[in-house]
Amino acid sequence: MTLTLTDEKVQQLQDLAHKLRIHSIQSTNASNSGHPTSCSSIAEIMSVLFFHTMRYSIQSPRDAASDRFILSKGHAAPILYAAWAEAGLFPAGDLLNLRKFDSDLEGHPTPRLNFVDVATGSLGQGLSVACGMAYMGKYVDQSAYRVYCVIGDGESAEGSIWEAVNFASHYKLDNLCAIFDVNRLGQSDPTMLQHQVDVYGARLCAFGFNLVLVDGHDVRALCEALEKAAATKDRPTAIIAKTFKGKYFLELEDKEGWHGKALGEEADRVIEHVRSLMKDPQAKATVRQPEGSVPPVSLENVKLSSPPSYSPGEKVATRLAYGTALRKLVEGNNRVMAFDADTKNSTFSDKTRKSFPRNHVECFIAEQNMVGVAIGAACRDRAVVFASTFATFFTRAYDQIRMGAISQTNANFVGSHCGVSIGEDGPSQMGLEDVAMFRTIPGSTVFYPSDAVSAERAVELAANTPGVCFIRTTRANTPILYCNDASFRVGRACVVRQSDADKALVVAAGVTLGEAIAAHDILKQQHGTQVRIVDPFTVKPLDAATIVSNAAQCANAIVVVEDHYYEGGLGEAVLSAVVGQPFKVKLLAVDAVPRSGKPEQLLKAFKIDASAIVDAVLRIHS
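Residues numbered from 1 in each chain as written. Predicted model: local features only at pLDDT ≥ 70, side-chain atom pairs only at ≥ 80, totals over all residues. Heavy atoms only, no water.

Draft legend 1. Up close: the nonpolar core. Within the largest apolar cluster, 88 residues are counted, with the highest numbers of intra-cluster contacts made by Leu-127, Phe-339 and Phe-413. In terms of residues, this core owes the most to one element, helix H5 (residues 126–140), which gives nine residues. Not counting residues up to four positions away in its chain, the partners in contact with Leu-127 are Ser-72, Cys-149, Ile-151, Ile-161, Ala-164, Val-165, Leu-176 and Ala-178. Counting residues in hydrophobic clusters, the runner-up holds 65 residues, among them Ala-338, Phe-386, Ala-610 and Val-614. (Core = buried A, V, L, I, M, F, W, Y, C linked by side-chain atoms within 4.5 Å. Buried < 20%, exposed > 50% of the residue type's maximum accessible area, 1.4 Å probe, protein only. Helix = DSSP H or I, 4+ residues; strand = E, 2+ residues; numbered from the N terminus. Contact = heavy atoms within 4.5 Å.)

Below is the structure:
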């Protein structure tokens, strides 16, 4: 629908843009820090979006039917806060609490605020999140809401931006509008392309975007550009807005050296000038309400459609069990969504793709974007998301995962092909630092299932566990250890072998649990030594109570064996759990960059096989 754009409306939007500038100056001056010049370059963009184009609810800022807005250039947070204050969500006086410890108006946006979907500020990530939201809107919700993302020209040097551009074009996300704020100046120097808007345009056209070049300080031109975006079908839109950092800030406009600085003594003079440009200093904002509706969604109590069904003695890879469980979750709840990075026939997420193509999104070999898209899809509780690839490839998306935790996301990540036990593919494919990486994520849960039964239950539990979850799966087929009706809980370990005469507690998971069981049999038959074996199931939270109580019954001796580097893995988790206890602890882990070889050769070479466990148990009391 074409919106009426009178001269009076244009002037109102311009006056509101100036009000946003003044708020940004005042709030950053109050905190003596922030980015007022970065705010000023997008003042007209924010005014037009929030008070003319977007549909959203003040009463319910995360209303599912509302348009979405992502400020990828998160350092411009003060003007985002100012826009919501002018819209009427909270008093404008609260803006002066910017960056204070007891205020949720932080230096960069986080979902502590009810009008922020995801944290931004680590640059280059917002567009991927916006793609996830737009994908859900177009293909899953099939609703009218649109997604807008403001991107800084400096952050457009990030490769993740172009991964997202590629994704948006491939999936024809015509409900997505990416607005590039081309203000020429970065943090320490001019940006790579400065004001070469034609180069930005050529690049985005090459990716298949509908392109609009516009003066980013021309309110009427911005309104018309956003109208064109809404009318465009089967292509996402990129608005390339030529702007100036510190626009209307007198001698500070377009000057280097003012990034991330409050105006200080210059503030009063600049504010007086900006006010002089306003026809109505008391201009009031108007907000458009959402239109249409979205389908109701329930993400509670997500269950497998049928329990695990395996036979004793059968060997099944936990990665295959993940694929089976994922498909079962989708059977029971059509809001479970799978995302993969062209590894679906290895992670077995293709089981979902074959049975429920609507619930599987191919993200191709662009792991950073995949993580961002998954986080975006999970926003506003529209989906339970699982993103899968080889465990080692998540390392390149660590920042996106870290920001996901700050964003309070409930995204689940599944990494296959962990450890040296994958064999001949060699070290580039071996996830050996993944447990350490995900353990450092605040609030995360790290599952490490050791057989197909526990793997299926790990997937089910992850779907219902808040925060970032990681499930580590193995390439090799491993024996079924548990009954199909076995019960599993987050933070509860399983004792899989025990006797009254145990001389050591062996803690192992995944492939090494099988090696531990083999070592148990060798020790008993050849050395007359009994050992107890614990499967942690979750490395975080670790069941410290079970480990401590069982170690005390096993001559105060613990051997931990893992197919992971020493640093940050299961061994260090156990050490943290038993600090202060009178235990002897021996760690067995991978201690160097591995090489190609047979799985059994590699387990032996790095001393994490059954024979190494036997040796460690026999030596621990010597």
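Draft legend 2. Broad picture of the sheet that holds strand E2 (residues 147–152). One open sheet accounts for five strands, arranged E1-E2-E3-E5-E4; its pairing is parallel. The sheet terminates laterally at strand E1 (68–71) and strand E4 (210–215), the two strands that pair on one side only. Direction aside, neighbouring strands of the sheet carry axes that sit 15° apart on average. As paired strands, E1 and E2 are joined by four bridges and run parallel to one another. Looking at the pairing, Phe-69 lines up with Tyr-148 of E2. The sheet strands contacting helix H3 (residues 43–53) are E1, E2, strand E3 (176–182) and strand E5 (237–242), and the helix crosses E2 at an angle near 175°. (Pairing = 2+ DSSP bridges. Axes fitted to C-alpha atoms, helices over the stretch in contact; angles between N-to-C directions.)

Draft legend 3. How the structure looks around the sheet that holds strand E9 (residues 384–390). Pairing is mixed across the open sheet formed by seven strands, whose spatial order is E8-E7-E9-E10-E12-E11-E17. Looking along the sheet, the strands with just one partner apiece sit at the ends: strand E8 (360–362) and strand E17 (538–540). Each strand axis lies, on average, 20° off the axis of its neighbour in the sheet, ignoring direction. Pairing between strand E7 (residues 336–340) and E8: three bridges, direction parallel. Its bridge partner lying in E8, Asp-340 is registered against Glu-362.

Draft legend 4. Quick peek at the packing of aromatic side chains. Scanning all chains against the criterion turns up 23 aromatic pairs. Geometrically, the ring pair formed by Tyr-135 and Tyr-139 is tilted, given 4.8 Å between the ring centres and 40° between the ring planes. On the criterion of helical spacing, the pair formed by Tyr-135 and Tyr-139 is a turn pair, its members being four residues apart in helix H5. On the accessibility criterion, Tyr-135 (8% relative accessible area) is buried. A relative accessible area of 29% places Tyr-139 in the partly exposed class. Measuring from centroid to centroid gives 6.4 Å for Phe-394 and Phe-470, while their planes differ by 85°, and the two rings are edge-to-face. Of this pair, Phe-394 sits in the loop between E9 and helix H14 (398–406) while Phe-470 is found in strand E12 (residues 469–472), placing the two residues 76 residues apart along the sequence. This pair shows no difference in class: Phe-394 is buried, exactly as Phe-470 is. Three or more aromatic residues link up through ring pairs in this structure, and these residues are Phe-50, Phe-51, Tyr-56, Phe-69, Tyr-81, Trp-84, Phe-90 and Phe-115. Here the basic side chain of Arg-68 rests over the ring of Tyr-145, its NZ or CZ set 3.6 Å away from the ring centre. The side chain of Lys-247 reaches across the aromatic face of Tyr-248, ending 4.9 Å from its centre. (Phe/Tyr/Trp six-rings, centres within 6.5 Å; stacked < 30°, edge-to-face > 60°. Lys NZ or Arg CZ within 6 Å of the ring centre and 35° of its normal.)

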